[in-house]
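Observations on the model geometry
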Amino acid sequence: MSDIIKQENAVAVSTEKQQEKLKDEILQLVTFSVGNEEFGVEILKVQEINKMMSVTKIPNAPSFVEGVINLRGKVIPIINLRTKLQLPPKENDKNTRIVVMEIVGRTVGFIVDSVSEVLRIPRGITEPPPPMVGSVSSEYIIAVGKLEDRLLILLDVEKILSGEERSVLQKME
């Protein structure tokens, strides 16, 4: 009986150490703004950040798809993150950027209001999202980072597009 208790204690200690290790893990994020919200995505998901460029409209595309661009010979669908997150429209300006990311093996560009910085934060300052964060549904959110003077919403870029939406984008390429 005491061997079972020792094993359970060892498992509990091991789990605590793993959780402590996760809290100390450093997240490297690219941060950007859309509307009044500040978002972050893992830096490894981001391929590049470009200034706003001419986007070719696609007939019958979903409302959140601005169109496509030719990026060094590759046709990339461009998604307006404001529209996708159901935020009010805004004219593009000198700060507007296209963040090119890899999502489930597809290269996709997201139009954001501005790109802020590359940020390193400990995972320990993040917590699971509440049901609604600002104006964004929690289904797209991995966590919320509590920084000194602001909240940072960590986006799950894999979930921003449904399977059906990804197949529509695939047909555009």
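Presented here is an overview of the structure given in this document. (Residues numbered from 1 in each chain as written. Predicted model: local features only at pLDDT ≥ 70, side-chain atom pairs only at ≥ 80, totals over all residues. Heavy atoms only, no water.)

1. Quick look at the pairing of strand S13 (residues 151–155)
Each regular strand shows side chains that alternate between the opposite faces of the sheet. By the criterion of burial, S13 is predominantly enclosed, with four of the five residues buried. Of the pairings in the sheet, the one linking strand S2 (residues 37–42) to S13 comprises two bridges and is parallel in character. In the strand pairing of S13, Phe39 is matched with Ile153. Summarising the sheet, strand S12 (residues 141–146) and S13 pair through five bridges and their orientation is antiparallel. Along S13, the bridge assignment pairs Val144 with Ile153. (Buried < 20%, exposed > 50% of the residue type's maximum accessible area, 1.4 Å probe, protein only. Helix = DSSP H or I, 4+ residues; strand = E, 2+ residues; numbered from the N terminus. Pairing = 2+ DSSP bridges.)

2. Thoughts on the pairing of S12
The pairing of strand S9 (residues 126–127) with S12 spans two bridges and is classified as antiparallel. When the sheet's bridge partners are listed, Glu127 is paired in S12 with Val144. In this structure, the hairpin formed by S12 and S13 is closed by a connection of four residues.

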